[in-house]
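# A look at the structure
Okay, here's what each chain looks like letter by letter:
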Amino acid sequence: MDAAFLDRAGDPPLATRPPATLPLAALYDRVRHHVPAIEWPALAEDIAAIQALKRARNAVVLAHNYQSPEIFHTVADIVGDSLALAREAARTDADVIVLAGVHFMAETAKILNPDKTVLIPDPAAGCSLADSITAADVRDLRRRYPGVPVVTYVNTSAAVKAGSDLCCTSGNAKAVVESLGAPRVLMIPDEYLARNVQAELPHIEILTWAGHCEVHERFTADDIREAREAYPGVTVLAHPECPPAVVAQADFAGSTAAMQDYVETRRPAQVVLITECAMADNLAIRNPDVAFVKPCNLCPHMKRITLGKIRRSLEELTHEVTVPDALIAPARRAVERMLAVRP
Ligand code: 13P
Ligand code: SF4
């Protein structure tokens, strides 16, 4: 079942059936604006093979909102933001999970399912935030700030999660920090996410780290000013990994799922999503009446995942994601404490 499409009254017809049950021609209808007709036969062969392999292996494909439309709208069983993918990974009864996303997302799925086979189609799909901090850095912060709770963004390694009190995503960061009831919180490693949450929680002192998303740090307030000049009346939605000066100029800031909710409930005539480009591509397919305008930036890590690599991953059961036994329990505690917080 397609998680992002659950519990939504009034979905357009294309969302009501999971891709696995749709004929290939119907799948092409979904992605025809993104996939040239000449390229479709090769992709269709991969898609048919992936659907058969999923059945044979009792496998499920979890895809992040930044995956390209030909993955997101044809082979994904579950789509969503980091929080939704973590929640769905915790409850799937599949034997094999293929994570169409980046490495930390696959690690989170493994932490929640240590007995299942978790695969990532390209193990080099990393993240600049996850690379910005190590477990030794977290131990050092704890020594420098004894007693201060550590909230770690899910965009981190299992070792960093294991050294933290609890995790957060951009979808629940504010609620997670508030849930601690502490006057001072370490929120790592995304400096901008921490500063954006700090702006909403002035009564809490938030200490942070100098990690940045290489995609969102490139946006500037000028990008928004130019978009507003070029498209008068445009609605501007920004991801909270953007610098605070950018978020301050947006009409709304939220996780990728929150942006989807905004578009699908408020239905702006024209919108710019200050985030990764696939976000607008995937939403445009579901919302043909909304005009999506630039700018956007590509995440090179997300784009490492292709249909061909997903097929190979299922054929060869590669690349298996492993997490050392000693890290599973503490990392899982941090993730489960997060999942228990309701925004
Ligand atoms: P979301 O949790 O909002 O989907 O964001 C994940 C991410 O990596 C954004 O860059
Ligand atoms: Fe990491 Fe940024 Fe890519 Fe998200 S968009 S995976 S935070 S580099």
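Residues numbered from 1 in each chain as written. Chains lettered and ligands numbered in written order. Predicted model: local features only at pLDDT ≥ 70, side-chain atom pairs only at ≥ 80, totals over all residues. Heavy atoms only, no water.

Where an unreviewed UniProt entry is consulted, the protein chain appears under the name Quinolinate synthase, with the organism given as Methylobacterium platani. Quoted verbatim from the Sequence similarities (unreviewed entry) field of the UniProt record, the comment on the protein chain reads "Belongs to the quinolinate synthase family. Type 2 subfamily." The Catalytic activity (unreviewed entry) comment attached to the protein chain in UniProt states, word for word, "iminosuccinate + dihydroxyacetone phosphate = quinolinate + phosphate + 2 H2O + H(+)". (UniProt positions renumbered as here; feature names shortened; annotations may be inferred.)

## Digging into the packing of helix α12 (residues 256–266) against helix α13 (residues 277–286)
Viewed as axis vectors pointing N to C, α12 and α13 meet at an angle of 35°, and their least axial separation amounts to 11 Å. Crossing handedness for the pair α12 and α13: right-handed. Taken together, the residues of α13 that come into contact with α12 (itself represented by T256, M259, Q260, V263 and E264) are M279, L283 and R286. Grouping the constituent residues of the contact of α12 with α13 by class yields 4 nonpolar, 2 polar and 2 charged. (Axes fitted to C-alpha atoms, helices over the stretch in contact; angles between N-to-C directions. Helix = DSSP H or I, 4+ residues; strand = E, 2+ residues; numbered from the N terminus. Left-handed = near helix turned anticlockwise from the far one by under 90°. Contact = heavy atoms within 4.5 Å. Nonpolar A, V, L, I, M, F, W, Y, C, P; charged D, E, K, R; others polar.)

## Quick notes on the site of ligand 1
Around ligand 1 sit H64, Y66, D81, S82, N155, S170, H216, H239, E241, S255 and T256, and that is every residue in its neighbourhood. A distance of 2.6 Å separates an oxygen atom of ligand 1 from a polar side-chain atom of H64. Contact distances for ligand 1 include 3.4 Å between an oxygen atom and a side-chain N or O atom of N155. Out of a free accessible area of 300 Å², ligand 1 has 95% covered by protein chains. More than half of the atoms belonging to ligand 1 lie within 2 Å of the grid points that define the largest cavity. Residues of the shell around ligand 1, tallied by class, amount to 1 nonpolar, 8 polar and 2 charged. (Near = heavy atom within 4 Å. Polar contact = N/O pair within 3.5 Å; in protein donor to acceptor, adjacent residues only side chain to side chain. Areas by Shrake-Rupley, 256 points an atom, 1.4 Å probe, with all protein chains shown as cover. 1 Å grid on protein atoms, 1.4 Å probe; cavity = no way out; pocket = protein on both sides within 12 Å on 5 of 7 lines; lining within 4 Å. Sits in = over half its atoms within 2 Å of the grid points.)

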